[in-house]
Amino acid sequence: MVAKGDMVYAWSTDADILAKGECGGAVTTLLKYALESGMVDAVFAVKRGQDIYDAVPTLITDPAEVIEAAGSLHTGTLLLSKLFKKWLNGAKDMRIAVPLKGCDVMGMYELAKRQQINLDNVIMIGLNCGGTVSPVTARKMIKEKFEIDPDNVVKEEIDKGQFIVITKDGEHKGIKMDDLEDEGYGRRANCRRCKMKIPRQADLACGNWGVIGEKAGKATFVEVCSEKGANLLSGAVKAGAIATEAPIEKALEIRGKTENAMLKLGDKWRARDFASLGEGSDRLKKIMEDTSRCIKCYQCIENCPICYCVECSTKKPYLVEPGKVPPPFMFHLIRFAHISDSCINCGQCQELCAMDIPNALFMHALQVELEKMFGFKPGVNMDLPVLALVEEPTERERLAATGSDQIFNIFQS
Ligand code: FAD
Ligand code: SF4
Ligand code: SF4
Ligand code: SF4
Ligand code: SF4
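Reading guide: rules and limits
Residues numbered from 1 in each chain as written. Chains lettered and ligands numbered in written order. Predicted model: local features only at pLDDT ≥ 70, side-chain atom pairs only at ≥ 80, totals over all residues. Heavy atoms only, no water. Pairing = 2+ DSSP bridges. Helix = DSSP H or I, 4+ residues; strand = E, 2+ residues; numbered from the N terminus. Axes fitted to C-alpha atoms, helices over the stretch in contact; angles between N-to-C directions. Parallel < 35°, antiparallel > 145°, perpendicular 65-115°, else oblique. Contact = heavy atoms within 4.5 Å. Phe/Tyr/Trp six-rings, centres within 6.5 Å; stacked < 30°, edge-to-face > 60°. Buried < 20%, exposed > 50% of the residue type's maximum accessible area, 1.4 Å probe, protein only. Lys NZ or Arg CZ within 6 Å of the ring centre and 35° of its normal. Near = heavy atom within 4 Å. Nonpolar A, V, L, I, M, F, W, Y, C, P; charged D, E, K, R; others polar. Core = buried A, V, L, I, M, F, W, Y, C linked by side-chain atoms within 4.5 Å. Domains from an automatic or database assignment. Salt bridge = Lys/Arg side-chain N within 4 Å of Asp/Glu carboxyl O. Polar contact = N/O pair within 3.5 Å; in protein donor to acceptor, adjacent residues only side chain to side chain.

Take the sheet that holds strand β9 (residues 204–207) next. Taking strand neighbours across the sheet as the criterion, the 8 strands line up as β3-β2-β4-β5-β9-β10-β1-β11 in an open arrangement whose pairing is mixed. With partners counted over all chains shown, the strands left at the sheet margins are β3 (55–60) and β11 (242–245), one partner each. Neighbour to neighbour, the strand axes of the sheet diverge by 30° on average, direction disregarded.

Relative orientation of the contacting elements helix α3 (residues 80–87) and helix α4 (residues 102–113) amounts to 45°, with a least axis distance of 7 Å. When the interaxial angle is binned, α3 and α4 end up oblique. Each of L80, S81, K82, F84 and K85 in α3 lies in contact with α4, whose residues at this interface are C103, D104, G107, M108 and L111.

This paragraph deals with the packing of aromatic side chains. Each pair of aromatic rings is reported with the distance of its centres and the angle of its planes. Going through the model one piece at a time under the given rule, you end up with 4 aromatic pairs. Geometrically, the ring pair formed by F146 and F163 is edge-to-face, given 6.0 Å between the ring centres and 70° between the ring planes. One end of the pair, F146, is in the loop between α5 (135–144) and β6 (153–159); the other, F163, is in strand β7 (residues 162–167), with 17 residues separating them in the sequence. Taken as a pair, F146 and F163 share a single burial class, namely buried. Here the basic side chain of K215 rests over the ring of W11, its NZ or CZ set 4.3 Å away from the ring centre. Sitting over the face of the ring of F221, R255 holds its NZ or CZ atom 3.9 Å from the ring centroid.

Within the structure, ligand 2 sits among K101, G102, C103, C129, G131, T132, R188, N190, C191, C194, K197 and N345. Of all the elements in the fold, those that place two or more residues in the shell around ligand 2 are α4 and α7 (189–193). Residues that form the shell around ligand 2 fall into these classes: 4 nonpolar, 5 polar and 3 charged.

Counting 28 residues, the largest nonpolar core has L30, I125, L232 and L233 as its most contacted members. Among the elements of the structure, β1 (7–12), α2 (26–36), β2 (42–48), β5 (122–127), β9, β10 (220–224) and α8 (227–238) are those that each provide at least two residues to this core. Counting residues per element, this core draws most heavily on α2, which supplies 7 residues. Not counting chain neighbours up to four residues away, the residues in contact with I125 comprise V27, L30, L31, V98, P99, L100, L204, C206 and L232. Ranked by size, the runner-up nonpolar core spans 27 residues in total, among them I287, F329, L361 and F362.

A separate point is the sheet that holds β6. Spatial ordering of the open sheet is given by β6-β7-β8, a layout of 3 strands whose pairing is antiparallel. Each edge of the open sheet carries a strand with a single partner, namely β6 and β8 (172–176). Taken pair by pair, the neighbouring strands of this sheet meet at an average axis angle of 20°, ignoring direction. Bridge count for β6 against β7 is 6 bridges, and the pairing is antiparallel. From the neighbouring strand, I158 faces β7, where its bridge partner is F163.

This part is about the domain arrangement of the protein. When the domains of the protein are assigned, the result is domain 1 (7–132 + 188–268), domain 2 (136–186) and domain 3 (278–402). Measuring from the centre of the C-alpha atoms in domain 1 to the corresponding centre in domain 2 gives 24 Å. Taken together, the contacts link 12 residues of domain 1 with 15 residues of domain 2. Run the count over domain 1 and domain 2 and you get 3 salt bridges. Of the charged contacts, one joins R192 and E181 as a salt bridge, the two residues approaching to 4.0 Å between their closest N and O atoms. Linking domain 1 to domain 2 there are 6 residue pairs in polar contact (both at pLDDT 80 or more). Partitioned by chemical class, the residues of the side of domain 1 that touches domain 2 number 3 nonpolar, 4 polar and 5 charged.

Written as structure tokens, this is what we have:
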């Protein structure tokens with residue numbers, strides 16, 4: 001039996017899943033067990049499509065098919081939480097088990113507190129995440145830096161700070177991620193700034209950091225983060241589907257050091273990226289200049305996990321004059337006002353922007369400032385964002401009585 005707070009090495013007892021899984025197949029086995037045992041009605045996972053650059057989100061109801069999604073795709077940059085809302089009715093009428101990266105889990109919480117996802121119906125299997133590379137950058141990087149035809153690559157890995165590719169002919173080639181990133185390749189910019197490395201707000205947090213010795217690469221380090229996670233893992237162990245072992249002290253130390261090093265790296269990239277925006281009116285000028293390329297394609301809104309409204313204010317003619325490209329700056333101001341306190345830095349609004357506008361950088365920079373002011377940290381629990389705590393009638397009364405538009409005394413020392 002495992003309990004909340006436990007940490008174990010886990011791996012699959014099924015030879016096929018053990019072989020196909022990224023690090024011993026524990027996650028695939030847990031998903032399969034959840035489906036077989038009736039704990040959930042479906043599994044939502046990410047399958048490899050045409051090639052390694054094609055990550056396909058898939059709803060699976062047949063336990064025999066769960067194995068098809070085994071393995072990690074670092075060149076797949078999906079955000080599963082928004083798809084939960086769009087495709088799966090927010091798990092309101094179906095129980096679903098799902099593997100989720102840090103940003104996916106954060107998005108689940110932000111949508112849940114906006115009543116767009118029912119977390120009671122979801123088993124969240126968190127995946128540690130060092131970062132993902134956009135498919136376009138991955139192809140370019142493999143061609144230009146690895147000097148390999150991207151179509152010949154059958155597997156990619158990120159291990160010990162290296163991006164490693166394996167070709168059809170069995171050739172392995174690795175280059176240090178730091179070197180690739182210094183030259184403008186490597187992980188997405190938001191991933192470099194990300195500090196949600198081990199998603200402990202999920203039911204289980206699974207990854208390879210801290211798996212050492214003969215189990216390295218063949219087992220996953222699982223942190224049990226909730227009762228729900230403990231029940232799933234205990235059930236799978238009891239059914240003989242998963243084998244576990246206690247990690248040695250040294251493994252915990254190495255895992256802690258790796259996580260800390262990744263958090264420091266995130267801070268380094270934040271400092272670098274935010275400094276590139278300048279301060280105050282310079283920053284505003286830069287944002288206005290960059291967003292003047294906007295063609296109002298709405299991809300930033302469509303894919304943002306914080307944007308959930310049926311009637312979007314950016315479509316109200318009295319707020320944003322219709323038929324104008326680029327749209328008036330108010331289009332972007334509305335998003336900054338509605339979202340910036342809750343932005344989870346998932347990168348979708350940047351990656352999918354038709355005009356390559358660094359929207360996620362602008363929004364993340366604002367979120368970090370707002371977090372310093374108000375202490376609200378998005379995506380980690382069910383706490384409501386700052387704006388949700390303001391009641392409109394009370395606020396109107398206060399404005400009328402005091403004439404002040406300052407909701408919070410942000411200049412208090
Ligand atoms: P498997 O049994 O192989 O199952 C993996 C599951 O991950 C599958 O269900 C699959 O659907 C899902 N999946 C694959 N790609 C994605 C994706 N892009 N988004 C969401 N789900 C996906 N662990 C670390 O300790 N350090 C890291 O830096 C790290 N980085 C990672 C980066 C990414 C993008 C991913 C997906 C995982 C990362 N992991 C990391 C976790 C690690 O690679 C393994 O997923 C984990 O150890 C579980 O191994 P397993 O054999 O049990 O998983
Ligand atoms: Fe992973 Fe963070 Fe990038 Fe999400 S934003 S893919 S959790 S590194
Ligand atoms: Fe993600 Fe952009 Fe929305 Fe922030 S604003 S949560 S980076 S899509
Ligand atoms: Fe809702 Fe504002 Fe996003 Fe529009 S921009 S969907 S109104 S949060
Ligand atoms: Fe404008 Fe880019 Fe948003 Fe499209 S995705 S509306 S181009 S900012």
